[in-house]
Amino acid sequence: MATSRTAPQLLPSLLAQLDEARARTDALFSLLPPNSFYERPVPERHRLIFYVGHLEAFDWNLLSGPLGLPSRDSELDKLFAFGIDPVDGGLPTDLPEDWPSIVRAETYNWTARAGIDDALRAHAAPAAGEIADGTLLHVAVEHRLMHAETLAYLLHNLPLEKKLRKAPPSAGPHPAPQPRQVAIPPGIATLGKPRDDSGDFGWDNEFGAQQVHVPGFTIGAFPVTNADFLRFVDSGGYHTAFYWTPQDWSWIAAQGRRYPHFWVPKSAASAESIAHWDLRTMFGAIPLPPSWPVYVTHAEACAFARWAGKTLPTEAQWHRAAYATPLGTERPYPWGETRPGPQHGNFHFERWDPAPVDAHPAGASAFGVFDLLGNGWEWTSTPFGPLPGFQAFPFYPGYSANFFDGRHFVMKGGSPRTDASMLRRTFRNWFQPHYPHVYATFRCVEE
């Protein structure tokens with residue numbers, strides 16, 4: 001499996017990328033006062049102290065073997081090795097005292113980081129293949145950048161008094177655009193990349209190029225906005241079983257869910273107006289911005305789509321709307337060949353929170369579909385699974401394969417906290433259908 005250009009001269013560039021990724025995650029931890037590291041802001045995830053050690057433990061466990069480095073703390077190498085993603089409602093029950101002290105975790109971090117850096121910089125052209133061709137360093141960089149996004153939504157769920165506060169954003173009076181559908185003609189959508197691709201890095205689930213013929217359909221020109229979703233809430237969508245699958249209906253009943261996770265009702269009185277709702281941003285509540293994309297679970301997105309007489313797009317439909325052109329060609333990005341920039345969308349850590357769905361017209365696709373990259377991952381109806389000829393990374397066999405279970409769904413696009421490197425056409429994200437914490441939106445299709 002080709003995953004990266006084989007060139008020792010890439011090492012300095014990759015080390016610089018690793019340093020930049022470390023700065024991203026270090027800055028997130030700097031938002032936490034000492035008494036917050038043992039909080040668990042999301043019930044389905046580890047306490048924050050785990051993430052303090054996990055990033056360095058992952059790099060150490062990945063790189064120390066090829067670099068010939070002996071373990072310096074095997075207990076923490078193992079404790080901080082893997083995150084959790086419970087799928088059957090079983091939540092972690094560990095206590096703060098089950099975790100090491102902050103001092104021990106930080107000592108472990110700096111020891112591991114220094115050991116890796118010294119070894120890497122001592123190798124102008126390392127002998128180990130995965131180090132020499134850049135594969136393992138790419139994995140280390142992108143894994144850390146993924147966790148920069150994970151940490152953002154974990155901190156988003158942390159009470160304001162538990163983090164160092166900044167000023168919340170000002171949404172302004174920007175109205176939501178009028179919803180409309182864009183016609184996409186029948187044609188080919190190319191998923192994945194060829195196995196012999198010697199270009200940019202890709203994760204194991206990105207390989208196995210597959211051309212899919214997609215019949216014609218229409219798709220929302222914009223992601224569903226808060227204003228759009230409010231109509232579903234006001235119509236009794238959360239009280240009508242018809243719009244939900246039995247599993248999803250049981251979930252919202254058990255959770256008592258009556259509106260999106262990031263929304264806050266201003267009072268128990270009638271909330272049938274946008275003025276009666278606030279939005280929980282990273283650093284405080286603001287009046288619900290009608291033009292921002294709504295962040296919801298896959299279950300809520302499906303219920304809205306059913307209410308609207310539509311469906312969620314398949315992964316192939318999403319690709320065709322985003323990357324195809326009327327001439328029958330496909331682009332690397334919705335707007336063309338140019339690398340992603342701030343004019344194209346809300347991504348690469350430019351903002352903590354969303355922006356209006358029509359704020360970046362330069363990012364539109366050839367068919368006039370807007371806001372495809374950044375501003376919120378977009379749910380599809382496609383269960384996460386392997387592309388043809390899937391081969392797991394031998395050094396990280398469970399990265400994708402552990403989630404080929406029919407209980408996770410493909411997401412495309414990106415969020416405000418997604419690094420630009422992961423906006424490539426082949427990148428695939430995935431989550432469970434009832435996980436409300438991720439920055440995920442959607443748009444609807446009609447066939």
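So, how was this worked out
- Residues numbered from 1 in each chain as written.
- Predicted model: local features only at pLDDT ≥ 70, side-chain atom pairs only at ≥ 80, totals over all residues.
- Heavy atoms only, no water.
- Helix = DSSP H or I, 4+ residues; strand = E, 2+ residues; numbered from the N terminus.
- Rg over C-alpha atoms; globule rule 2.2 N^0.38 Å.
- Contact = heavy atoms within 4.5 Å.
- Areas by Shrake-Rupley, 256 points an atom, 1.4 Å probe, with all protein chains shown as cover.
- Lys, Arg positive; Asp, Glu negative; His and termini not counted.
- Charge placed at Lys NZ, Arg CZ, Asp CG, Glu CD.
- Pairing = 2+ DSSP bridges.
- Axes fitted to C-alpha atoms, helices over the stretch in contact; angles between N-to-C directions.
- Phe/Tyr/Trp six-rings, centres within 6.5 Å; stacked < 30°, edge-to-face > 60°.
- Buried < 20%, exposed > 50% of the residue type's maximum accessible area, 1.4 Å probe, protein only.
- Lys NZ or Arg CZ within 6 Å of the ring centre and 35° of its normal.
- Parallel < 35°, antiparallel > 145°, perpendicular 65-115°, else oblique.
- Nonpolar A, V, L, I, M, F, W, Y, C, P; charged D, E, K, R; others polar.
- Polar contact = N/O pair within 3.5 Å; in protein donor to acceptor, adjacent residues only side chain to side chain.

Q: Report on the overall build of the protein, specifying residues and quantitative values.
A: Along its length, the protein carries 11 helices and 12 strands. The globule rule puts the C-alpha radius of gyration for 447 residues at 22 Å, and the 22 Å found for the protein is close to it. Seen through its C-alpha atoms, the protein measures out along the principal axes to roughly 60 × 55 × 40 Å. When contacts within the protein are restricted to residue pairs at least 6 apart in sequence, long-range pairs at least 24 apart make up 79% of them. Accessible surface for the protein amounts to roughly 17700 Å². Of this, 56% is attributable to carbon and sulfur atoms. Side-chain charges of the protein comprise 37 positive and 46 negative groups, with the mean position of each set lying 3 Å from the other.

Q: Kindly report on the sheet that holds strand β6 (residues 277-281), identifying the contributing residues and their values.
A: The strands making up a sheet associate through hydrogen bonds between their backbones, and the pairing can be parallel or antiparallel. Taken together, 3 strands build an open sheet; the order of strands is β5-β6-β7 and the sheet is antiparallel. Here the strands that pair on one side only, and so sit at the sheet edges, are β5 (263-265) and β7 (284-287). Ignoring which end each strand starts from, the neighbouring axes of this sheet average 40° apart. In this structure, β5 lies alongside β6, joined through 3 bridges in antiparallel fashion. Residue pairing across strands places Trp-263 opposite Leu-279, the latter belonging to β6. Contacts from helix α7 (residues 226-234) reach β5 and β6, with the element oriented near 55° to β5.

Q: How would you explain the packing of aromatic side chains if you had to name every residue and give the values?
A: With the rule as written, the count across this model stands at 45 aromatic pairs. When the centroid spacing of 6.2 Å and the interplanar angle of 70° are considered together, the rings of Phe-50 and Trp-99 count as edge-to-face. Here Phe-50, found in helix α2 (residues 48-63), pairs with Trp-99, found in the loop between α3 (74-79) and α4 (102-121); they are 49 residues apart in sequence, far enough to count as distant. You can call Phe-50 buried: its relative accessible area is 0%. We classify Trp-99 as buried; its relative accessible area is 11%. An angle of 90° between the planes, with centres 5.4 Å apart, marks the rings of Phe-283 and Trp-352 as edge-to-face. On the criterion of sequence distance, the pair formed by Phe-283 in the loop between β6 and β7 and Trp-352 in the loop between α10 (315-323) and β8 (377-383) is long-range, its members being 69 residues apart. Overall, Phe-283 belongs to the buried group, its relative accessible area being 3%. Linked through ring pairs, Phe-58, Phe-201, Trp-203, Phe-384, Phe-390, Phe-393, Phe-395, Tyr-396, Tyr-399, Phe-403, Phe-404 and Trp-430 together constitute an aromatic cluster. A cation over a ring is seen here: Lys-163 above Phe-283, with NZ or CZ 5.8 Å from the ring centre. In this arrangement the basic side chain of Arg-425 is found over the ring face of Tyr-323, its NZ or CZ atom lying 5.9 Å from the centre.

Q: A description of the side chain of Asn-109 should follow, citing residues and the corresponding values.
A: Considering the arrangement of structural elements, one finds Asn-109 in helix α4. Judged by relative accessible area, Asn-109 falls into the buried class, the value being 9%. Not counting residues up to four positions away in its chain, the partners in contact with Asn-109 are Val-52, Gly-53 and Glu-56.

Q: I'd like a description of the side chain of His-147, backed by residues and values.
A: With respect to the secondary-structure elements, His-147 resides in helix α6 (residues 135-156). Not counting the four nearest positions on each side in its chain, His-147 is found in contact with Tyr-51, His-54 and Leu-55.

Q: Account for α7, with residues named and values stated.
A: The element α7 is largely enclosed, with a buried count of 7 among its 9 residues. Listing the buried residues of α7 in full gives Asn-226, Ala-227, Asp-228, Phe-229, Leu-230, Phe-232 and Val-233. In this structure, the buried side of α7 is in contact with β5, β6 and α9 (298-307). Positive backbone phi, approximately 90°, marks Gly-236, located one or two places after α7.

Q: Describe the pairing of strand β1 (residues 181-184), with residues and values.
A: Side-chain alternation along β1 places Val-182 and Ile-184 on a buried face and Gln-181 and Ala-183 on a face that remains uncovered. In the sheet, β1 pairs with strand β4 (residues 217-220) via 4 bridges, with the strands oriented antiparallel. Among the inter-strand pairings, Val-182 is bridged to a residue of β4, identified as Ile-219.

Q: Can you explain the sheet that holds β4? Please cite residues and give values.
A: As summarised here, the arrangement of the 3 strands in space is β1-β4-β12, forming an open sheet in which the pairing is antiparallel. The open sheet has two edge strands with one neighbour each: β1 and β12 (445-446).

Q: I'd like a rundown of the packing of helix α1 (residues 11-29) against α2, residues and numbers included.
A: Helix packing for two helices is described by the angle between their axes and how far apart those axes are. Relative orientation of the contacting elements α1 and α2 amounts to 170°, with a least axis distance of 11 Å. Relative to α2, the element α1 lies roughly antiparallel. Residue-level inspection shows Leu-18, Thr-25 and Phe-29 of α1 in contact with α2, the latter providing Leu-48, Tyr-51, Val-52, Leu-55 and Asp-59. Residues of the contact of α1 with α2, tallied by class, amount to 6 nonpolar, 1 polar and 1 charged.

Q: Give a description of the environment of Asp-371 that names residues and reports values.
A: Here Asp-371 lies in the loop between α10 and β8. When the C-alpha positions of Asp-371 and Lys-163 are compared, they lie 30 Å apart, and in sequence the two are 208 residues distant. Those residues in contact with Asp-371 that sit more than four places away from it in its chain are Pro-223, Val-357, Glu-378 and Arg-443. Of the polar contacts made by the side chain of Asp-371, one reaches the side chain of Asn-375; its length is 2.8 Å.

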